[in-house]
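# Architecture at a glance
Chain by chain, the residues run as shown.
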Amino acid sequence: MERYAKVVVRSNTIHTDNLFTYRIPEFLIDDINIGHRVLVPFGKGNKPTEAFVFEITNNLEENIRTKDIVDVLDEKPIFRIEDLELVNWMKNRYLCTYVDCINLIYPKGYKLNNYKVAELSEELLRLNKGEFDNIILNLNENQKSIVDSIIENKGKVKIEKLGKISTINNILENLKKKNIVDIKWEYKSHKNEKKLCYVALTVEEHEVDDYIVNHKINLGTKQKEIVNFLKNNDNVEINDLMELLKVSKPSIKSLHEKNIITLELKDYYRKPESIYKSNHKDIHLNEEQIYAINKITSNMFEENKKPYLLHGVTGSGKTEVYMETIEYALSQGMDSIVLVPEIALTPQTISRFKNRFGDIVGVFHSQLSEGQKHDVYKAIKSGKIRILIGARSALFAPFNSLGIIVIDEFHEGSYKSEKNPKFSAIEVAKFMAIKNNVSLVLGSATPSIDEYYKAKNGEYELIEIKNRANKKPLPKIEVVDMKNELNNGNTSIFSAKLQEQIEEAIRNKTQVILFLNRRGYASFVSCRKCGYVFQCENCDISLTYHKSKNIGRCHYCGFEKQIPKECPECSSTYVKPFGVGTQKIEEELKNIFPQYKVLRMDKDTTSKKGSLEEILNKFKNKEAQILIGTQMLSKGLDFDNVTLVGILSADMILNFPDFKSFETTFQLVTQVSGRAGRSDKEGIVILQTYDTDHYAIRRAINYDFEGFFEDEIKIRKAFGYAPFNNMISVVISGENEKNVTQNAKNMYESIVYLLKQRGIDDFDFILGPNPCSIGKINQNYRWQILFKDDNIEINLLKGIIKYICITKRDIVFSKDVNVSIDINPNSVL
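Residues numbered from 1 in each chain as written. Predicted model: local features only at pLDDT ≥ 70, side-chain atom pairs only at ≥ 80, totals over all residues. Heavy atoms only, no water.

### Some details on the state of the cysteines
According to the stated counting rule, one finds zero disulfides in the structure shown. Here Cys567 stays unpaired: no disulfide links it, and the sulfur of Cys530, its closest cysteine neighbor, is 3.7 Å away. Overall, Cys567 belongs to the buried group, its relative accessible area being 3%. (Disulfide = S-S within 2.5 Å. Buried < 20%, exposed > 50% of the residue type's maximum accessible area, 1.4 Å probe, protein only.)

### Overview of the sheet that holds strand β16 (residues 402–408)
If you walk across this open sheet you meet the seven strands as β14-β15-β13-β16-β17-β12-β18, and the pairing is parallel. Two strands close off the open sheet at either side, each with one partner strand: β14 (361–364) and β18 (461–465). Strand-to-strand twist of the sheet, defined as the mean angle between neighbouring strand axes without regard to direction, takes the value 20 degrees. Note that strand β13 (residues 335–339) and strand β15 (residues 387–390) share four bridges and pair parallel. Note on β15: the bridge partner recorded for Ile337 is Leu388. Of the strands in this sheet, β13, β14 and β15 are in contact with helix α13 (residues 347–357), which crosses β14 at around 155 degrees. Strands in contact with helix α16 (residues 449–456) are β12 (308–312) and β18; relative to β12, the strand with the most contacts, it is inclined by about 115 degrees. (Pairing = 2+ DSSP bridges. Helix = DSSP H or I, 4+ residues; strand = E, 2+ residues; numbered from the N terminus. Axes fitted to C-alpha atoms, helices over the stretch in contact; angles between N-to-C directions. Contact = heavy atoms within 4.5 Å.)

### Focus: unusual backbone geometry
Omega for the peptide link from Asn420 to Pro421 comes to -10 degrees, which places this bond in the cis form. Relative to the helices and strands, Pro421 resides in the loop between β16 and α15 (425–436). A cis amide bond links Gly768 to the next residue, Pro769, at an omega of 10 degrees. With respect to the helices, strands and loops of the structure, Pro769 is situated in strand β31 (residues 766–777). The phi angle at Lys246 is positive, at roughly 55 degrees, despite the residue not being glycine. Tracing the backbone shows Lys246 in the loop between α9 (238–245) and α10 (249–257). For Lys246, a relative accessible area of 62% translates into the label exposed. For Asn791, which is not glycine, the phi torsion reads 65 degrees and is therefore positive. As for its position among the elements, Asn791 is in the loop between β32 (780–788) and α26 (794–807). Look at Asn791 and you get exposed, because its relative accessible area is 75%.

### As for the sheet that holds strand β33 (residues 818–823)
Spatial strand order, β31-β32-β30-β33: four strands in an open sheet with antiparallel pairing. A single partner strand is all that each edge strand has here, and the edge strands are β31 and β33. When strand polarity is set aside, the average angle formed by the axes of neighbouring strands in this sheet is 20 degrees. As defined by bridge partners, strand β30 (residues 727–734) adjoins β32 across eight bridges and the pair is classed as antiparallel. In the sheet register, Val731 faces β32, and the bridge partner there is Gln784. Contacts from α26 reach β30, β32 and β33 within the one sheet, and its direction differs from that of β30 by about 15 degrees.

### Some words on a negative patch on the surface
Side chains of Glu204, Glu205, Glu207, Asp210 and Asp234 sit close together on the surface and give a patch of like negative charge. Residue placement: Glu205 occurs in the loop between β9 (195–201) and α7 (208–214). Among the residues examined, Glu205 registers a relative accessible area of 41% and is labelled partly exposed. (Patch = residues over 30% accessible without salt bridge, like charges linked within 9 Å, V, L, I, M, F, W, Y side chains within 5 Å. Areas by Shrake-Rupley, 256 points an atom, 1.4 Å probe, with all protein chains shown as cover. Salt bridge = Lys/Arg side-chain N within 4 Å of Asp/Glu carboxyl O. Lys, Arg positive; Asp, Glu negative; His and termini not counted. Charge placed at Lys NZ, Arg CZ, Asp CG, Glu CD.)

### Considering the nonpolar core
By size, the foremost hydrophobic cluster in this structure holds 83 residues, and its most contacted members are Ile407, Met747, Phe787 and Ile801. With residues up to four places along the chain from it excluded, the contact list for Ile407 reads Leu339, Tyr415, Ala425, Ile426, Ala429, Leu440, Val441, Leu442 and Gly443. One finds Ile449, Leu599, Ile647 and Tyr695 within the second-largest nonpolar core, a separate group that totals 37 residues. (Core = buried A, V, L, I, M, F, W, Y, C linked by side-chain atoms within 4.5 Å.)

### Focus on the side chain of Gln511
Position of Gln511 among the secondary structure elements: in strand β20 (residues 511–515). One polar contact links the side chain of Gln511 to the main-chain carbonyl oxygen of Phe619, over a distance of 2.8 Å. In this structure, Gln511 is in contact with Phe619, Lys622, Ala624, Gln625, Asn641, Val642, Thr643 and Leu644, ignoring residues within four places of it in sequence. (Polar contact = N/O pair within 3.5 Å; in protein donor to acceptor, adjacent residues only side chain to side chain.)

Next comes the structure, spelled out in structure tokens:
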């Protein structure tokens, strides 16, 4: 009976984003299973191309002509059934291609090289020498040169080595017509593996001398040294042996030829280095922690369990809850994945896990080399790694007995991918948890409004830890009104109160963290005297300032407003775009306090490998009194000696042109404040702002998450933002501004036309097309259309967008524009 495989071909074009049917040849029928990597002839030239088996069937649809699979590339399937189910789900959820999703779970370090070779034809090789020479004599110089190259390379040569492809192809075609050469595709499957050679005796140590005598083997002085050394040391790495005994490879090789030693290649695990070290602490769990642990572990084997939302204040010991839960999973034979927002920013967390669990903890992130990633993949497959810590890509690790997924600080925006496929790690983890009966724990001191709303409505099991593990109160937050500072003649970004507190903290031999949020390129316009901010009249979002035209524009609905010279509220002329950087802060701080040592932690100072750990180690070892940083500082750092945190400008977060800016303000103020008073020393926070009465500020200073949630959810409902509506962003970008604008309008018209065909004539749920808030990035102009599923079914909307942007892309859009689709984007800049 004939068997067929439906495969996804590895290709970067949307035109091949389908399942293709190939016949499985008889010699491969027992070797190919679902999930296998195979080699198939693809396209007119039948180029050997990597493909992935998604289905196997005995039935062939009518009128389909099939080609045969060439080969299977691995002994065992590299994908499990659940991996392929995940690919199918993500493809439909995020409107992306099969290959986009496959790339997420594809083992790193695997590579397929395919190339064309020219070889002498069988017909030519069958000729006697006289006939052969006669044919060669009748060739022109170029043809002779190619045949000579093939002969010099033992009858076969890569075409790319013969010279310019455009010239060579014509000559080869003529030689092929004369039956002198054949052109074939060949391939090499490569795995980025490192192996070490180990040396051992072939017989037991007490038998080796008799073996040498009985077989009359003569040994040199160095060879005797090697044998004597191996009597006492089994399985020695060959380079160590050469270095210790100062012997050469030929001496070792000769012993192998004489059958005295064995040489065995073993896999080498390239372990990522860790510079940061933390001290082990004896922890005594409190009642709230014990309750949380029991709640999660008691239901671990229950079917249809809900994910857990662990809402614990900063410093409440959530990491201890994770570790205890993971310990239980290990005892039950199950593996664990721990996601952290950015792996580079969490060396303390990694260090704590390694202190407790040792070498079964692996780390996976984008800064590892391809070889290191491949080794982590293999170590997971072989069971050497049981706990994996990493950023969102660690979610796709190939554990065979996954028991628990932890997503720490799950409110962080980095859990949403900005590249295709633009997936949410939380959504993917939920799908995996439900499908494979895995426990999912989402932990945060400041849950996202969307997920907390779901917990309130019963989608999650809500677990709360309301007290700090050290039983100390949360640090007191004091608000400084920056309008008063200006009125008192202080134009510095440091209020008098903050300067005073910095001096006091350092006098008491404690440390200070200063936080400045500086997100993206967007700047808002405000009055420095009264704090008035120019906002959109339709969307309750600050206008983004465009200097060239002196206008503020809302990038949600397109509303524009000329920015006046005077404040409409207080008539002051002190109206300016707001923005200041960490470098400027550092300079000003050194002018005020030249005697203090200052460290700065931002993208510029942490871009080099190991530089972040170096800064953290210096601060931990008290080599500096003050640490300045951006939102990197909010991510789980734990310094015992920090008693003062200064938040330099809450307004830079509050007035960011995004519907989530109030939520981000509350989260960052709470998280950064949580860096103070984490040991037995009480902490204080100085929060500087122009808008002292904003509800996000008022709720944050009292750590009142519940109150903030109630305020924020009313506004979200009134304006139709998440969690009440889904939002889809389509960004069209390209180098020609007119062309980008026209393509955005073409898309809008195409969608409106299709909606009208379905009897829909109210298009209020479409915002745009408008220029993006950041209208140009890397020489590419950017326009955007936003869609809310308000009075329209989300699957219908997604279906239409997919049809226009993917299926009919070549008809609707020019070739020189990029189209990017994002479901529920974090930000729409």
